[in-house]
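What follows is the residue order along each chain.
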Amino acid sequence: MTAAPSASSSLLLRAARGEQVEQTPVWFMRQAGRSLPEYRALREGVPMLEACRRPELVAEITMQPVRRHGVDAAIFFSDIVVPVAAVGVDIDLVAGIGPVVADPFRTRADLDRLPELTPDDVPDITESVHLLVRELGPTPLIGFAGGPFTLASYLVEGGPSRHHARTKALMHGDPALWHDLCHRLAQLAGTFLKVQVEAGASAVQLFDSWAGALSRADYERFVLPHSRAALAAVEPLGVPRIHFGVGTGELLDLMGSAGTEVVGVDYRVSLADAVARTGGQYAVQGNLDPALLFAPWEPLAERVREIVAEGRKAPGHVFNLGHGVLPETDPDVITRVVELVHEVSART
Ligand code: CP3
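Residues numbered from 1 in each chain as written. Predicted model: local features only at pLDDT ≥ 70, side-chain atom pairs only at ≥ 80, totals over all residues. Heavy atoms only, no water.

Engineer: How do you make sense of the overall build of the protein when you look at a structure like this?
Structural biologist: Summing up its helical and strand segments, the protein has 14 helices and nine strands in all. The C-alpha atoms of the protein give 19 Å as radius of gyration, which agrees with the globular expectation for 348 residues (20 Å, within 12%). Counting only C-alpha atoms and orienting by the principal axes, one finds that the protein spans roughly 60 × 45 × 45 Å. For the protein, the residues scored as buried account for 57% of the 348 residues in total. Across the protein, the fraction of contacts at a sequence separation of at least 24, relative to all contacts at a separation of at least 6, is 73%. Summing over all exposed atoms, the protein offers an accessible surface of approximately 13,900 Å²; the carbon and sulfur share of this is 52%. One finds the centroid of the 31 positive side-chain charges in the protein at a distance of 3 Å from the centroid of its 43 negative side-chain charges. (Helix = DSSP H or I, 4+ residues; strand = E, 2+ residues; numbered from the N terminus. Rg over C-alpha atoms; globule rule 2.2 N^0.38 Å. Buried < 20%, exposed > 50% of the residue type's maximum accessible area, 1.4 Å probe, protein only. Contact = heavy atoms within 4.5 Å. Areas by Shrake-Rupley, 256 points an atom, 1.4 Å probe, with all protein chains shown as cover. Lys, Arg positive; Asp, Glu negative; His and termini not counted. Charge placed at Lys NZ, Arg CZ, Asp CG, Glu CD.)

Engineer: Whenever I open this one, the nonpolar core confuses me. Can you help?
Structural biologist: Core analysis: the biggest nonpolar cluster contains 121 residues, and Phe28, Leu181 and Phe319 have the highest contact counts within it. No other element matches helix 9 (residues 175-199), which puts 13 residues into this core. If we skip the residues at most four places from it in the chain, Phe319 touches Thr24, Pro25, Val26, Trp27, Phe28, Gly286, Leu288, Val304, Ile307, Val308, Val337 and Val341. (Core = buried A, V, L, I, M, F, W, Y, C linked by side-chain atoms within 4.5 Å.)

Engineer: It is not clear to me how the pairing of strand 5 (residues 203-207) should be interpreted in this structure. Could you clarify?
Structural biologist: Working note: regular strand, side chains alternate between the two faces of the sheet. Burial of strand 5 is extensive: five of the five residues sit out of reach of the surface. Sheet topology note: the strand 4 (residues 141-146)/strand 5 ladder contains five bridges and is parallel. By the bridge assignment for strand 5, Gly143 is matched with Val204. Of the pairings in the sheet, the one linking strand 5 to strand 6 (residues 241-244) comprises four bridges and is parallel in character. Bridge assignment links Phe207 to a residue of strand 6, and that residue is Phe244. In the classification by handedness, the crossover that spans strand 5, the intervening helix 10 (residues 216-232) and the parallel strand 6 is right-handed. (Pairing = 2+ DSSP bridges. Right-handed = clockwise from strand over helix to strand, strands pointing away.)

Engineer: Just checking my understanding: could you explain the environment of Val87 for this structure?
Structural biologist: Residue position: Val87 is located in the loop between helix 5 (82-86) and strand 2 (91-94). In this structure Val87 comes out as buried when scored by relative accessible area, which is 13%. In the structure, Val87 is positioned 30 residues away from Leu117 in sequence and 6.1 Å away in space, judged by C-alpha atoms.

Engineer: Would you take a moment to explain the sheet that holds strand 6 for this structure?
Structural biologist: As summarised here, the arrangement of the seven strands in space is 1-4-5-6-7-8-9, forming an open sheet in which the pairing is parallel. Two strands close off the open sheet at either side, each with one partner strand: strand 1 (74-75) and strand 9 (317-321). Docked against the sheet, helix 9 engages strand 4 and strand 5, running at close to 165 degrees with respect to strand 4. (Axes fitted to C-alpha atoms, helices over the stretch in contact; angles between N-to-C directions.)

Engineer: Is there a simple way to explain the side chain of Asp79 in this structure?
Structural biologist: Take Asp79: it is sitting in the loop between strand 1 and helix 5. Arg30 provides the closest opposite charge to the buried, unpaired Asp79, separated from it by 4.6 Å. Setting aside chain neighbours within four positions, we find Asp79 in contact with Met48, Cys52, Leu93, Phe144 and Phe192. (Salt bridge = Lys/Arg side-chain N within 4 Å of Asp/Glu carboxyl O.)

Engineer: Please explain the environment of Ala283 as it appears in this structure.
Structural biologist: With respect to the helices and strands, the residue Ala283 is situated in strand 8 (residues 283-288). Counting along the chain gives 218 residues from Ala283 to Pro65, while the straight-line C-alpha distance between them is 24 Å. Those residues within four positions of Ala283 in sequence are excluded, and the remaining contacts are Ala15, Ala16, Glu261, Val262, Val263, Pro315 and Gly316.

Next up, the structure:
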């Protein structure tokens, strides 16, 4: 007798745990969003942060790419700034720009504006996840939160930043304040992850997207302890944890050591190098360059085949992009990539 299909026996969870899979699981960062006309229609006239707090809308937007592309996981539709806004920080998501903070974080007094997140601040998140796991059935839902460096950078800079100059100045100029800020952000991220898993998410991803801006020494001293704390919040719940950042080729082993089962790899480092750099200790996720989705089919397909082949040498492989789907991407190309990954990775 075979057990009924469940999220815990899904391709994604088995690959994340380093178990044998009959096919490489595939999902895409930012698979929900502006590349889909059905997303643009639903979002018409609804501000981003408001959309993230409406359970029916969240569930529908999360389901759209699952139905359309046949991906092996759903990623919860929300944003890394949702828990920050939920504790009262005046932050907005401006289309075409990203997070914008009304009063950037600069002094010790600003810590008072960042109280602890409690599950009662986000009851709608629990409700959204409940709706989703019911609808998804055996397809796993990935919950997520923003990593400490990325969240701190938005708060300190007041918005997106190329050089993270004020953030690094605070880190080195007032290490005690930096650690206090990151301590709070890790609590917030850890609780946000826990709320999602307790409501039924099957895996989590910590997005420390901009951590690649740091040297190894600075990452290890100023960020890693806090990422470790955020990821430790869900360790007792037993779900696979994915840890991702952009341009983090030099940090992969440290990011793995934060307490994760899967290391996210961007497109600058091959999966083979990523496995070598992490001593084969973790499953890997990645790493197609999102810009290649704009290339003609043959070179794109060739790259997909190469990534699948390289992923076979890893302890486990989850196919993904090296960063999020770009808004102008043709969604039909994404569907074709999903089909190709499944086809070329199928074990007979
Ligand atoms: O499908 C998914 O991946 C799920 C949803 C998701 C969003 N944001 C939705 C979103 C996830 C996982 C995020 C995380 C996030 N948010 C990160 C980490 C991932 C990464 O891309 O590195 C970061 C850095 C943010 C901050 C942020 N929020 C940015 C830079 C932007 C883009 C601004 C823009 O308009 O170009 C946002 C807004 C945002 N978050 C959108 C979506 C779908 C676009 C809003 C819209 O559709 O109007």
